[in-house]
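Chain by chain, the residues:
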Amino acid sequence: MKIAIMGAGLSGLSCALTLEKYGYQADIFERRAMVGDRFVIAEAMFSIFHTPYDDAVKYLAETHEIYLKPTTNIQKVHIYSENEHSFIDGHLGFTNMRGKHPEAYEKQLANQLKGEIQFNKNISYKDIYKEYTHVVLATGDVLDTEKFQPYDVAFKASFKGAVIEGDFNQTEAHTFFNNNFAPKGMAYVLPHSDREASLVLVYPQYHENETLDKNELWKKCFAECCRRLDQDFKVLSEYSIKDYRIGKIQTPRIGNTFFVGNCWGAITPVFGFGQFESMLTGIYAAHDIVGIGNYENLVQPLSTSYHDSLTLRRTLERFDNKTLDLLTKSMRNELVDSFVTSKRFNAMKLLSRIIHPYPRKS
Ligand SMILES: Cc1cc2nc3c(=O)[nH]c(=O)nc-3n(C[C@H](O)[C@H](O)[C@H](O)COP(=O)(O)OP(=O)(O)OC[C@H]3O[C@@H](n4cnc5c(N)ncnc54)[C@H](O)[C@@H]3O)c2cc1C
């Protein structure tokens, strides 16, 4: 067997590590000069989105021998709507670094590899497929997938983000649901340390949002973040992303080509989480390649979660600021809080099934 992995990100490296665990070495191609050669950002993995795995980091270590050190653990998530504020608490999950940060998850994965990564290799499938028995497409780029099969795009998202300096409680994250600056989207603050955090504004590029001035939205978002956290934050660095596609493919594997991570459709549409899902798809593809699993069957539960998540997103998108205020206020109710944070059942799944009893297509 000769295996090629295109892309040394979360899914590609998880695949490579799992292959190594079973005694197989893959050729890993990475277009950038090093792992995580992009802007620094904090991302999160929240347990409530990964039930039945109530601790994704522990699960990856104990079940798959993939060891990650998160940056902070989150004990409280604040929820702000236009006029309300509430929070949920408990052991909710972790933040971790991505990109150029020395502790970025992709760097942590690369450090566990025995084999080498071939850098500055911006290869195309055509360049390599003849040489390999198996190809794992892990470029994080949906446009690569679309060369093979239709990709059902649920929406394209616009991101604007910054690393901000101030005083932060490392165990607290902040989320903002306010159509005044995050139309049908959200903004959030994830701490890196007690002095730095990532502020991210994300919203879908629907026709009605295209005419909005992104810089104006960002200004309002930043001002609201300063107001709610009662600080004058300093911006240390900024980035912006457009046309980030969120959607899913129909066929996880074509012949001996495996689609993993974002190339498979790992991002859950409601809040845009995709790290854990990306790693799982990489691991599952490796299980299939070494003959201990069937990729299509293994990714099926992730596919169902994607559709549940899309149902929730479509529902949230219909809410105006008044409804978001009501929802936020209701989170102060202990019963609602314990429903959302329960580790005994998947609240997201349950809610989406109530809204839409049959899994939806798009
Ligand atoms: C701003 C932002 C915030 C996010 N926040 C969160 C969050 O808080 N929580 C969460 O769970 N998820 C979050 N996500 C989603 C998460 O980052 C992705 O789902 C995940 O990184 C996808 O992993 P991947 O392996 O598919 O791609 P990546 O990790 O992006 O890796 C792809 C790799 O392939 C390389 N590559 C590309 N093309 C080629 C080529 N032709 N040849 C060789 N190499 C190539 C790239 O350079 C890159 O290294 C966020 C995404 C964004 C954009």
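This text follows the structure it describes.
Residues numbered from 1 in each chain as written. Predicted model: local features only at pLDDT ≥ 70, side-chain atom pairs only at ≥ 80, totals over all residues. Heavy atoms only, no water.

> Could you give an account of the pattern of salt bridges, with specific residues and numbers?
Enumeration according to the criterion identifies 17 salt bridges in this entry. Its salt-bridge partner being Arg 253, residue Asp 288 comes within 2.9 Å of it at the nearest N-O pair. In this pair, Asp 288 is assigned in helix H8 (residues 275-289) and Arg 253 in strand S13 (residues 253-254), connecting sequence segments 35 residues apart. Under the relative-accessibility criterion, Asp 288 is labelled buried at 12%. For Arg 314, the salt bridge identified is with Glu 317, shortest N-O distance 3.6 Å. Overlapping salt bridges bring together Arg 38, Glu 43, Arg 98 and Glu 106 as one network. (Salt bridge = Lys/Arg side-chain N within 4 Å of Asp/Glu carboxyl O. Helix = DSSP H or I, 4+ residues; strand = E, 2+ residues; numbered from the N terminus. Buried < 20%, exposed > 50% of the residue type's maximum accessible area, 1.4 Å probe, protein only.)

> Summarise the packing of aromatic side chains; cite the residues concerned and give the values.
Enumeration according to the criterion identifies 14 aromatic pairs in this entry. Here the aromatic rings of Phe 29 and Tyr 132 are separated by 6.2 Å at their centres, their planes lie at 85 degrees, and the arrangement is edge-to-face. Of this pair, Phe 29 sits in strand S2 (residues 26-29) while Tyr 132 is found in the loop between helix H4 (125-128) and strand S7 (134-137), placing the two residues 103 residues apart along the sequence. A single burial state applies to Phe 29 and to Tyr 132, both of which are buried. Taken together, the ring pairs connect Tyr 125, Tyr 129, Phe 148 and Phe 259 into an aromatic cluster. In this structure, Lys 76 is placed above the aromatic ring of Phe 87, and the distance from its NZ or CZ to the ring centre is 4.2 Å. (Phe/Tyr/Trp six-rings, centres within 6.5 Å; stacked < 30°, edge-to-face > 60°. Lys NZ or Arg CZ within 6 Å of the ring centre and 35° of its normal.)

> Got a sec to walk through the packing of H8 against helix H9 (residues 295-316)? Specific residues and values, please.
Two elements in contact, H8 and H9, have axes whose closest approach is 9 Å; the angle formed by their N-to-C orientations is 160 degrees. In this view, H8 runs roughly antiparallel relative to H9, as classed from their interaxial angle. Classified by chirality, the crossing of H9 by H8 is right-handed. Along the contact surface, H8 presents Glu 277, Leu 280, Thr 281, Tyr 284, Ala 285, His 287 and Asp 288, while H9 presents Tyr 295, Leu 298, Val 299 and Leu 302. Here the residues of the contact of H8 with H9 sort into seven nonpolar, two polar and two charged. (Axes fitted to C-alpha atoms, helices over the stretch in contact; angles between N-to-C directions. Parallel < 35°, antiparallel > 145°, perpendicular 65-115°, else oblique. Left-handed = near helix turned anticlockwise from the far one by under 90°. Contact = heavy atoms within 4.5 Å. Nonpolar A, V, L, I, M, F, W, Y, C, P; charged D, E, K, R; others polar.)

> Could you give me a rundown of the pairing of strand S9 (residues 172-176), with the residues and numbers involved?
Within S9, five of the five residues are buried, leaving the element largely enclosed by the surrounding structure. The side-chain alternation of S9 yields two buried faces, one formed by Glu 172, His 174 and Phe 176 and the other by Ala 173 and Thr 175. With five bridges connecting them, strand S4 (residues 72-80) and S9 associate as parallel partners. In the strand pairing of S9, Ile 79 is matched with Thr 175. Of the strand pairs in this sheet, S9 and strand S10 (residues 186-191) are connected by three bridges, and their pairing is antiparallel. Bridging from a neighbouring strand, Phe 176 pairs with Ala 187 of S10. (Pairing = 2+ DSSP bridges.)

> So what's going on with helix H3 (residues 105-112)? Residues and values would help.
The element H3 is largely enclosed, with a buried count of six among its eight residues. Among the residues making up H3, those that are buried are Tyr 105, Glu 106, Lys 107, Gln 108, Leu 109 and Ala 110. Among the structural elements, helix H1 (10-21), strand S3 (41-46), helix H2 (56-64), strand S5 (85-98), strand S6 (117-118) and H8 are those in contact with the buried residues of H3.

> Account for the nonpolar core, naming residues and giving values.
One recurring pattern in soluble globular proteins: nonpolar side chains tend to sit buried together. Counting 56 residues, the largest nonpolar core has Ile 5 and Leu 19 as the members making the most contacts within it. Here this core takes eight residues from H8, the largest share from any one element. Apart from residues no more than four positions distant in its own chain, Leu 19 is found in contact with Ile 3, Ile 5, Tyr 24, Ala 26, Ala 286, Ile 289 and Val 290. If you look at the next biggest cluster of nonpolar residues, it comprises 32 residues, including Ala 44, Ile 48, Phe 49 and Ala 157. (Core = buried A, V, L, I, M, F, W, Y, C linked by side-chain atoms within 4.5 Å.)

> Pulling in residues and values, what's your account of the site of the ligand?
Near the ligand, the surroundings consist of 32 residues, among which Ser 11, Glu 30, Ala 44, Asn 262 and Gln 275 are the closest. At a separation of 2.8 Å, a nitrogen atom of the ligand approaches a polar backbone atom of Ala 44. Within the contact set of the ligand, a nitrogen atom lies 3.2 Å away from a side-chain nitrogen or oxygen of Asn 122. Out of a free accessible area of 1000 Å², the ligand has 94% covered by protein chains. Those elements that provide at least two residues to the shell around the ligand are H1, S3, strand S12 (234-249) and H8. Of the residues contributing to the shell around the ligand, the split by class is 14 nonpolar, twelve polar and six charged. (Near = heavy atom within 4 Å. Polar contact = N/O pair within 3.5 Å; in protein donor to acceptor, adjacent residues only side chain to side chain. Areas by Shrake-Rupley, 256 points an atom, 1.4 Å probe, with all protein chains shown as cover.)

> Run through the sheet that holds strand S8 (residues 151-165), naming residues and quoting values.
Strand order in the open sheet made by the eight strands is S3-S5-S4-S9-S10-S11-S8-S12, with mixed pairing throughout. In this open sheet, the two edge strands, each paired with only one partner strand, are S3 and S12. Across the sheet, the mean angle separating the axes of adjacent strands is 30 degrees when strand polarity is ignored. Pairing of S3 with S5, which is carried by six bridges, proceeds in the antiparallel orientation.

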